[in-house]
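What the coordinates show
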Amino acid sequence: MMDEKLQAIRNEIEAGIENFDSSKALYEFRKVFLDNRDGKIAGLMKMLRDVPKEERPALGKGINQLKERAIDRFTAMDEKIHALELERKNASEKIDVTLPAAEIRTASLHPDTLIENELIDIFASMGFEIYEGREIENDYYNFTALNTPKDHPARDMQDTFYVSDEFLLRTQTSAGQIHVMEAKKPPIKILSPGKVFRSDDDATHSPMFTQMEGLVVDKGISVCDLQGMLDTFSQKIFGEGVKTRLRPSYFPFTEPSVEVDVSCFACGGKGCKLCKGTGWIEVLGAGIVNRHVLENCGIDPDVYSGFAFGMGVERIAMLKYGINNIKTLFESDTRFAAQFRD
C-alpha cells in the first residue's frame, strides 16, 4: 500500500515536471510535493506512525530516496527554466543597431522668450546692462517721477490695475529707469525687460504683456544717437536693409517724443497686407528724456541728456513670426511653440 503511494508520487512528479516554462509555476508545483508542512512527501512521513515498527526503516528509506530524487529533479528543471528565461529576456532586449533611430521630439522656447533673448543679445552687444525691476510698483515711480502727476491726462492712457491707493501693477518698465537713475549717476546705459499690466484686451492687446525699455544718459546725447541705435537694432532684428523713420508723438517722460517705424521687411516698403499698404510698420516709442525726469532723479539736465525707448516684446514676435492674434501667445498649446526655433 505505501509502496504504491510512493510510486504514484514519483509518476505524478515525472508527468508534470516537464510541463512548465516559468520558474514561478515550477515553484508552485514543487511546493505540492516538497513543502515541509503540507507537501505530499511530508504527508508520507506522518503516515509512518501508523506502520508496524518492523516496516518503518524500509519505508522511511524509500520516502527519503523519493524526496532526494524529487529535489534533484526540481533543481535540475529549475536551472533549465532559468536558462530559458534568461534567453527569452536577452532576446526581448536585443537591439538591432541597423534600424533607424526613434524620433526624439525636442522642446521649443516660447516666441516671447526667443524674441526677448534676441533683443537682450542685440542691446548687450551695444553695451547695455540688464536691469529687472519689480512688478508691483509705487505710484511715484510708475507715474509721478516720470512727469505724470496725479491730475495728468496721460494717466488715462494706462488703465491701471491698482493694488491699493499707493501701489499698483506697473504699467511700464520705465519705472525701473527712475530706480537706476536714483542709485547710479551717468553715464547710464540700461535695458529693462519685464511684465507690465494694463486694462486692455483685444486681438492686438493683452492685460499682461512683456515690455522692454532702454535708457541712455550721458553728456551730449541727442536724437542722432537715438536714430543710430534704432538703425542698428532694426537691421539686427528684422534684417539688413531695413530702414527706420521717426514720427512726432507724445509721452510725458520724453521731449521731444517719437513713434518709430521700420520699412516693411515683408515687401521691402512696396506695400502689402502686413504694412497695410503703407510700406512702414510701427514698432516702438522713444524720445529724449524730459529734463523734469532727470531733475526728479537728481541729475543736472544742463550737464546731462539722454534718450529712452520702449517696445512690446509680443508685438515684435507677432511681426517677425506672422502671428495675427496676441491671445495665441498666451495659450498652453505646445504645438504652437513647436513651430519656432532659434
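Remember, predicted model here, so these are calculated numbers, not experimental data.

Considering the overall build of the chain
The secondary structure content of the chain amounts to eleven helices and nine strands. For 342 residues, the compact-globule estimate of 2.2 N^0.38 gives 20 Å, and the chain exceeds it by more than 25% at 42 Å. Overall, the chain is about 130 × 50 × 35 Å in size when its C-alpha atoms are taken along their principal axes. Here the chain holds 342 residues, and 41% of them are scored as buried. Seen as two clouds, the 43 positive and the 55 negative side-chain charges of the chain have centres 8 Å apart.

Looking at the pairing of strand 7 (residues 254–263)
With eight of its ten residues buried, strand 7 lies for the most part within the structure. Relative to strand 7, strand 6 (residues 244–251) runs antiparallel, the two being bridged by seven bridges. Bridging across to strand 7, Ser 249 finds its partner in Ser 257.

Describing the packing of aromatic side chains
Tallied over the full model, the rule gives 14 aromatic pairs. Seen in terms of ring centroids, Tyr 140 and Tyr 141 are 5.2 Å apart; in terms of plane orientation they differ by 85 degrees. Their pairing is edge-to-face. A residue is classified by how much of its surface remains accessible, and Tyr 141, at 17% relative accessible area, is buried. Ring geometry for Tyr 321 versus Phe 340: centroids 4.8 Å apart, planes at 55 degrees, classification tilted. Here the residue Tyr 321 occupies a position in helix 10 (residues 313–321), and Phe 340 occupies one in the segment after helix 11 (334–337), the gap between them amounting to 19 residues. Judged by relative accessible area, Phe 340 falls into the buried class, the value being 8%. Directly above the aromatic system of Tyr 141 lies the positively charged group of Arg 134, at a separation of 5.8 Å from the ring centroid.

Quick notes on the environment of Lys 219
Position of Lys 219 relative to the elements: it lies in the loop between strand 5 (208–218) and helix 8 (223–238). Exposure remark for Lys 219: the relative accessible area of 56% places this residue in the exposed category. For the pair Lys 219 and Pro 187, spaced 32 residues apart in sequence, the C-alpha to C-alpha distance is 7.8 Å.

Quick word on the pattern of salt bridges
Between side chains of opposite charge, a pair can form when the charged atoms approach closely. For the structure on display, the rule yields 15 salt bridges. As a salt-bridge pair, Arg 134 and Glu 137 come within 3.1 Å of each other at their nearest N and O atoms. According to the relative accessible area criterion, Arg 134 is partly exposed, its value standing at 42%. Salt bridges sharing common partners tie together Glu 14, Glu 18, Arg 69 and Arg 73.

Some words on the state of the cysteines
Enumeration over the complete set of coordinates arrives at zero disulfides. The thiol of Cys 267 is unpaired, and the distance to the nearest cysteine sulfur, on Cys 264, comes to 3.5 Å.

Here's the deal with the nonpolar core
Core analysis: the biggest nonpolar cluster contains 35 residues, and Leu 119, Phe 123, Met 229, Val 283, Leu 284, Phe 309 and Met 311 have the highest contact counts within it. Of all the secondary-structure elements, those providing two or more residues to this core are helix 5 (111–125), strand 5, helix 8, strand 7, strand 8 (280–289), strand 9 (305–312) and helix 10. Top element by residues in this core is helix 8. It accounts for six residues. In this structure, Leu 119 is in contact with Leu 191, Met 212, Phe 233, Ile 237, Met 311 and Val 313, ignoring residues within four places of it in sequence.

With respect to the side chain of Asp 139
You can see Asp 139 is positioned in helix 6 (residues 139–142). Ignoring any residue separated from it by four or fewer positions in sequence, one finds Asp 139 in contact with Thr 144, Lys 150, Arg 155, Tyr 162, Glu 166 and Leu 168.

Some points on the sheet that holds strand 7
Taken in spatial order, the seven strands of this open sheet run 1-4-5-9-8-7-6, and their pairing is mixed. The sheet is open, and its two borders are formed by strand 1 (129–130) and strand 6, each paired with just one other strand. Strands strand 4 (188–197), strand 5 and strand 9 of the sheet are contacted by helix 7 (residues 175–183), whose axis makes an angle of about 30 degrees with strand 5. Seen against the sheet, helix 8 touches strand 6, strand 7, strand 8 and strand 9 and runs at an angle of roughly 120 degrees to strand 6.

Rules behind the numbers
For every chain, the first residue of the written sequence is number 1, and numbering continues from 1 along that sequence. Predicted model: local features are reported for residues with pLDDT of at least 70 only, side-chain atom pairs are reported and counted for 80 or more only, and whole-chain, interface and lining totals are derived from all residues. Hydrogens and water molecules were not included; the side-chain quantities draw on all heavy atoms of the structure. We count a stretch as a helix when DSSP gives it H or I for four or more residues in a row; a strand needs E for two or more, and each element gets its number in order from the N terminus. Radius of gyration means the value over C-alpha atoms here, while the globule rule gives 2.2 Å times the residue count to the 0.38 power. Any residue under 20% of the maximum accessible area for its type is buried, any over 50% is exposed, and the rest in between are partly exposed; the area is computed with a 1.4 Å probe on protein chains only. Charged-residue counts in this description rest on Lys and Arg as positive and Asp and Glu as negative, His and the chain ends being excluded. Charged side chains are reduced to one point each, which is NZ for Lys, CZ for Arg, CG for Asp and CD for Glu. Any two strands with at least two DSSP-identified bridges between them are counted as paired. Working definition: a ring pair exists when centres of Phe, Tyr or Trp rings (six-membered ring for Trp) sit within 6.5 Å. Plane angles under 30 degrees give stacked, over 60 give edge-to-face, the rest tilted. We call a charge positioned over a ring when the NZ of a Lys or the CZ of an Arg lies within 6 Å of the ring centre and within 35 degrees of the ring normal. Salt bridge, as used here: a side-chain nitrogen of Lys or Arg that lies within 4 Å of a carboxyl oxygen of Asp or Glu. The disulfide definition used here is simple: a pair of cysteine sulfur atoms within 2.5 Å. Throughout this description, the term nonpolar core refers to a set of buried Ala, Val, Leu, Ile, Met, Phe, Trp, Tyr and Cys residues connected via side-chain atoms within 4.5 Å. Any two residues whose heavy atoms approach within 4.5 Å at even a single point are treated as in contact. Helix axes are fitted to C-alpha atoms over the stretch in contact, other axes to C-alpha atoms as well, and angles between N-to-C directions run from 0 to 180 degrees.

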